[in-house]
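Secondary and tertiary structure notes
Single-letter residue listing:
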Amino acid sequence: MRRITLNRPEKRNALSGRLRAEINAAVRESEALDSVRVTIIRANGPSFCAGYDLSPSPGDNVSLEYGNQGLAGYQRSVVDLWTGMWDLCKPVIAQVHGHCLAGGSELVTGCDLVYVAEDAKIGYPAVRFGVPDMQYHAWLLGMRRGMELVLTGDTMSGVEAADWGFANRAFPADKLEEETLRVASRVAQIPSDILQINKRTIHRAMDYMGMRQSLYAGTEMCALATHTETFRAFLGNIMDKGLTSALTERDKAFGDGRTATRASADT
């Protein structure tokens, strides 16, 4: 068993180009280690992952070695990266606590098993100004719940995420690590040659049903949304007022996100 820890707590583990490249390298290192049968991805700090880093420092804004150019190139690179984890031989487990938003939920989608804290907040608030890069909602949540989340940008609790099919199970936050390790230990009891075949049976079944093709088709819808008035206005707000103010303005009508965090701090 091997554990990979996202360690940018000062940025709530937002996914910069560098961090995504490091995750990609780390899970592939696990493939090469005979001593590893399963990998856990977890995070340091109060949140698992706040999404993609919209204001990376120069050192974090590195070019990625994977991805495509042309129409929806960035979006396809996102789907390439996370669905690429499905093609690894060894299972990858997500251990999710705190906020798991936008790109963070895409990272989790790329994992084979998902265990979450009951009080986690999981969602895609970026739909309030754009369209997801990786449109997993209908596949993992079904039409009705998936539709509600992409039309509101609201979050699921960890309990809801498990009940609705996004996660395997939810545990009290103080038991999450223990319980995730317990499941990982059970997975690691199976010989690796059998594990990789059984993992592939599930992912190939999803491929035959069209999940991966659907995700790639969705990248063009995401790219189209970047040309809308709403998306350009949001980028303008970032330039004029800064990222924090733009996100607060995005969420204020809903009373959640940064608006809820500020209200809690003021109370």
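Our subject is the structure listed above.
Notes on the structure in this doc start here. (Residues numbered from 1 in each chain as written. Predicted model: local features only at pLDDT ≥ 70, side-chain atom pairs only at ≥ 80, totals over all residues. Heavy atoms only, no water.)

Observations regarding the nonpolar core
In this structure, Leu 6, Ile 41, Phe 48, Trp 82 and Met 85 are the most contacted members of the largest nonpolar core, which totals 63 residues. The biggest single contributor to this core is helix H7 (residues 176-188), with five residues. Look past the residues within four positions of Ile 41 in its chain and what remains in contact with it is Ile 4, Leu 6, Ile 23, Val 27, Phe 48, Met 85, Val 92, Ile 93, Ala 94, Gln 95, Leu 107 and Cys 111. (Core = buried A, V, L, I, M, F, W, Y, C linked by side-chain atoms within 4.5 Å. Buried < 20%, exposed > 50% of the residue type's maximum accessible area, 1.4 Å probe, protein only. Helix = DSSP H or I, 4+ residues; strand = E, 2+ residues; numbered from the N terminus. Contact = heavy atoms within 4.5 Å.)

A look at the environment of Met 206
Structurally, Met 206 can be placed in helix H8 (residues 192-208). Sequence-wise, Met 206 and Trp 139 are 67 residues apart; in three dimensions their C-alpha atoms are separated by 9.2 Å. Setting aside chain neighbours within four positions, we find Met 206 in contact with Trp 139 and Met 211.

So, the state of the cysteines
Under the criterion given, the structure shown has zero disulfides. With no disulfide of its own, Cys 100 lies 6.6 Å from the sulfur of Cys 49, the closest cysteine sulfur. By relative accessible area, Cys 100 is classed as buried at 0%. (Disulfide = S-S within 2.5 Å.)

Structural notes on the packing of aromatic side chains
The full count for this structure, using the stated rule, is five aromatic pairs. Residues Tyr 52 and Tyr 74 carry aromatic rings whose centres are separated by 6.4 Å and whose planes lie at 75 degrees to one another, so their mutual orientation is edge-to-face. Pair noted here: Tyr 52 is in the loop between strand S2 (39-43) and helix H2 (73-84) and Tyr 74 is in helix H2, with a separation of 22 residues, a long-range link. The buried category is assigned to Tyr 52, whose relative accessible area is 14%. (Phe/Tyr/Trp six-rings, centres within 6.5 Å; stacked < 30°, edge-to-face > 60°.)

Some thoughts on the sheet that holds strand S6 (residues 121-123)
With mixed pairing, three strands are arranged side by side in an open sheet as S4-S6-S7. Looking at the sheet topology across the chains shown, the edges are occupied by strand S4 (99-101) and strand S7 (155-157). Adjacent strand axes in the sheet meet at a mean angle of 20 degrees when their direction is disregarded. As defined by bridge partners, S6 adjoins S7 across three bridges and the pair is classed as antiparallel. Directly across from Ile 122, in S7, lies its bridge partner Met 156. (Pairing = 2+ DSSP bridges. Axes fitted to C-alpha atoms, helices over the stretch in contact; angles between N-to-C directions.)

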